[in-house]
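Here's the letter readout for the chains.
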Amino acid sequence: MLGRIHHVAYVVADMDAALERLGATFGLRPALREVMADQGVEAALCGPAGAAVELIRPLDADGAIARFLDARGEGLHHVAFEVDDLDAALADLRARGAELIDERPRHGLGGHRVAFVHPRSANGVLTELVEAEGGGGH
């Protein structure tokens, strides 16, 4: 069901400082940067497909990402895998008894359809599914 790793996501407190650090350290530059107000984050995607790092910064001091940052500090937030058909992947996970955060896909960075699987169903790691370009659920 899972394809290649689409990206790994880091929570950051200061987007500009984090982008500068990634650029200076790894030569990564943002290919995409946008505010996703409906999810309460600013996000930037850096690096090539299959080796991308997504930075997420909370916009809402009371939101889930801000609470994560307050509790754990900056660092790894989730791992995202590509799937060919997000609707089918969610149905399969549901049938296997996985705990889904998103019962239905939502809009992700760059217009991708995405959904999250609860860490309790993935050995403690928040896992995002990202529908591959041209996926079956559009």
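Coordinates for the structure precede this section.
These numbers were taken from a predicted model, which means no experiment stands behind them.

Cut-offs and rules
- Residues numbered from 1 in each chain as written.
- Predicted model: local features only at pLDDT ≥ 70, side-chain atom pairs only at ≥ 80, totals over all residues.
- Heavy atoms only, no water.
- Helix = DSSP H or I, 4+ residues; strand = E, 2+ residues; numbered from the N terminus.
- Rg over C-alpha atoms; globule rule 2.2 N^0.38 Å.
- Areas by Shrake-Rupley, 256 points an atom, 1.4 Å probe, with all protein chains shown as cover.
- Lys, Arg positive; Asp, Glu negative; His and termini not counted.
- Charge placed at Lys NZ, Arg CZ, Asp CG, Glu CD.
- Buried < 20%, exposed > 50% of the residue type's maximum accessible area, 1.4 Å probe, protein only.
- Arc of directions from axis to C-beta.
- Contact = heavy atoms within 4.5 Å.
- Polar contact = N/O pair within 3.5 Å; in protein donor to acceptor, adjacent residues only side chain to side chain.
- Pairing = 2+ DSSP bridges.
- Axes fitted to C-alpha atoms, helices over the stretch in contact; angles between N-to-C directions.
- 1 Å grid on protein atoms, 1.4 Å probe; cavity = no way out; pocket = protein on both sides within 12 Å on 5 of 7 lines; lining within 4 Å.
- Points joined across faces, edges and corners; volume = space filled by probe spheres on them.
- Nonpolar A, V, L, I, M, F, W, Y, C, P; charged D, E, K, R; others polar.
- Core = buried A, V, L, I, M, F, W, Y, C linked by side-chain atoms within 4.5 Å.
- Salt bridge = Lys/Arg side-chain N within 4 Å of Asp/Glu carboxyl O.

## So, the overall build of the protein
Within the protein, the regular secondary structure consists of three helices and eight strands. In sequence order, the protein lays out its α and β elements as β-α-β-β-β-α-β-α-β-β-β. Expected size for 138 residues packed as a compact globule is a radius of gyration near 14 Å; at 15 Å, the protein falls within 12% of this value. For the C-alpha atoms alone, the extent of the protein along its principal axes is close to 45 × 30 × 25 Å. For the protein, the computed accessible surface area is about 7400 Å², with 51% contributed by carbon and sulfur atoms. Taken as two groups, the 13 positive and 22 negative side-chain charges of the protein have centres that lie 3 Å from each other.

## Structural notes on helix α3 (residues 86-95)
When we look at burial in α3, the residues that qualify are L86, A89, L90 and L93. For α3, the buried positions fall inside an angular range of 100 degrees around the axis, keeping them on one side. Where α3 is buried, its residues touch β5 (75-83), β7 (113-117) and β8 (127-131). Where α3 begins, the side chain of D85 points an oxygen toward the backbone nitrogen of D87, at a separation of 3.1 Å. Trailing α3 by a residue or two, G97 shows a phi angle of about 85 degrees, which is positive.

## A short note on the sheet that holds strand β1 (residues 5-11)
Read from one edge to the other, the open sheet built from eight strands follows the order β2-β3-β4-β1-β5-β8-β7-β6, with strand pairing classed as mixed. Two strands bound the open sheet, and with one partner strand each, they are β2 (30-36) and β6 (106-107). Here β7 runs beside β8; their pairing, made up of four bridges, is antiparallel. Its bridge partner lying in β8, F116 is registered against E128. Contacting β1, β3 (41-46), β4 (52-58) and β5, helix α2 (residues 64-72) crosses the sheet at an angle of about 100 degrees to β4.

## Concerning the layout of surface pockets
If you add up the space inside the largest pocket, you get close to 690 Å³. Lining the largest pocket we find 36 residues, and of these I65, H77, H78, F116 and L126 sit closest to its centre. Where the lining of the largest pocket is concerned, the elements lending two or more residues are β1, β2, β3, β4, α2, β5, β7 and β8. Residue contributions to the lining of the largest pocket peak at five residues, all from α2. For the lining of the largest pocket, the residue count by class is 19 nonpolar, 12 polar and five charged.

## A look at the nonpolar core
Counting 11 residues, the largest nonpolar core is built from V11, M36, V41, A43, L45, A52, I56, I65, F68, L69 and L109. Looking at this core, the elements that each hand over two or more residues are β3, β4 and α2. Not counting residues within four places of it along the chain, the set of residues in contact with L69 comprises V11, V12, A13, P58 and E74. Among the nonpolar cores identified, the runner-up in size contains 10 residues, and A18, L22, V53 and L55 belong to it.

## Section: the pattern of salt bridges
Scanning all chains against the criterion turns up 11 salt bridges. Put simply, R33 and D16 hold a salt bridge, and the shortest N to O gap is 2.9 Å. With R33 in strand β2 and D16 in helix α1 (residues 15-26), this residue pair connects regions lying 17 residues apart in the sequence. R33 sits in the partly exposed class, given a relative accessible area of 38%. The salt bridge involving R120 is made with E99; its shortest N-O contact spans 2.6 Å. In this pair, R120 sits in the loop between β7 and β8 while E99 sits in the loop between α3 and β6, placing the two residues 21 residues apart along the sequence. With a relative accessible area of 62%, R120 lands in the exposed category. A cluster of three or more residues bridged by salt bridges with shared partners is formed by D16, R33, E42 and R57.

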